[in-house]
Amino acid sequence: MLKLKNIETFYGNIQALKGVSIDISEGEIITLIGANGAGKTTTLMSICGIVPPRTGEILFLGEPIHQLTPNKIVALGICQVPEGRRIFPYLTVLENLDMGAFLRNDKAGIKKDIEHMFELFPILAERRNQAGGTLSGGEQQMLALSRALMARPRLLLMDEPSLGLAPLVVRQIFEIIRKINTESNTTIFLVEQNANLALKVAHRGYVMENGRITLSDSADRLLANEDVKRAYLGL
Ligand code: ATP
């Protein structure tokens with residue numbers, strides 16, 4: 001579904017990605033793990049077209065997308081839940097969800113999907129008329145995820161969904177990630193520092209160090225890998 005072929009991405013003179021290749025098949029949950037500054041967020045930014053790669057190729061469903069603008073990429077069905085949530089703080093929960101569907105015009109479908117989000121996250125139903133900015137961190141993460149799902153993405157990109165959240169909320173969010181994947185066959189590319197959790201939910205994983213992929217394997221094998229255990233699982 002998504003293929004990154006040897007991409008190199010720069011911020012001015014700083015090279016953040018040094019030849020990254022990643023393959024994601026439809027229906028998979030793939031995780032990208034790595035330390036601070038490894039280049040994980042930059043990888044997502046490159047896919048979304050916000051920081052396009054200088055060299056290499058990105059193919060989505062066989063078509064090159066690395067020269068497209070971010071809104072064209074969204075329109076193809078790639079949607080990102082950004083790090084730090086970035087919901088609209090002054091809009092209500094309901095309005096935030098509506099914004100997620102701005103490219104759609106099937107009113108009945110949108111209404112049905114909003115109800116589905118409220119089933120997935122009952123707390124959002126209770127808070128439907130509350131301003132997004134007044135929600136707790138965990139609730140904002142749930143809203144950001146639901147808002148992204150309102151676009152009915154084929155590929156969902158998630159940047160550190162566990163960041164700054166209490167363990168219970170994190171577990172809840174990861175349960176939902178699994179559910180979204182199995183229920184609607186949404187393909188998920190998950191960037192996480194919490195390697196333990198990410199590898200438990202993912203089918204396969206990639207390890208990134210200093211802008212390069214140093215390891216890729218099934219999630220089970222990565223969880224059992226001695227180097228991964230030492231470097232990322234704190235074992
Ligand atoms: P973290 O887990 O801390 O978010 P990361 O793996 O997502 O880290 P990136 O944010 O992709 O890493 O950063 C990769 C490299 O690119 C780092 O060396 C970082 O300092 C650099 N970088 C990121 N954003 C910019 C920017 N806007 N301008 C210049 N350098 C940047």
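Everything below is about the structure shown above.
Residues numbered from 1 in each chain as written. Predicted model: local features only at pLDDT ≥ 70, side-chain atom pairs only at ≥ 80, totals over all residues. Heavy atoms only, no water.

*Asks:* Explain the nonpolar core to me, please; I cannot follow it from the model alone.
*Replies:* It is characteristic of soluble globular proteins that their nonpolar side chains tend to be buried jointly. One finds Leu145 and Ile177 to be the most contacted residues of the largest nonpolar core, which totals 46 residues. Non-local contacts of Ile177, meaning those with residues more than four positions away in its chain, are made with Ile29, Met158, Pro161, Ile188, Leu190 and Val201. Core analysis: the next-biggest nonpolar cluster, separate from the first, contains 25 residues, Val20, Ile30, Phe60 and Leu157 among them. (Core = buried A, V, L, I, M, F, W, Y, C linked by side-chain atoms within 4.5 Å. Buried < 20%, exposed > 50% of the residue type's maximum accessible area, 1.4 Å probe, protein only. Contact = heavy atoms within 4.5 Å.)

*Asks:* Whenever I open this one, the site of the ligand confuses me. Can you help?
*Replies:* The full set close to the ligand counts 13 residues, and Asn36, Gly37, Lys40, Thr41 and Thr42 are the nearest of them. At 2.8 Å from an oxygen atom of the ligand is found a main-chain nitrogen or oxygen belonging to Gly37. Between the ligand and Glu160 there is a distance of 3.5 Å, counted from an oxygen atom to a side-chain nitrogen or oxygen. Protein chains bury 61% of the 630 Å² of accessible surface belonging to the ligand in isolation. Counting residues per element, the ones that place at least two in the shell around the ligand are strand S2 (14-24) and helix H1 (40-48). Looking at the shell around the ligand element by element, the count peaks at three residues for H1. For the shell around the ligand, the per-class residue count stands at five nonpolar, six polar and two charged. (Near = heavy atom within 4 Å. Polar contact = N/O pair within 3.5 Å; in protein donor to acceptor, adjacent residues only side chain to side chain. Areas by Shrake-Rupley, 256 points an atom, 1.4 Å probe, with all protein chains shown as cover. Helix = DSSP H or I, 4+ residues; strand = E, 2+ residues; numbered from the N terminus. Nonpolar A, V, L, I, M, F, W, Y, C, P; charged D, E, K, R; others polar.)

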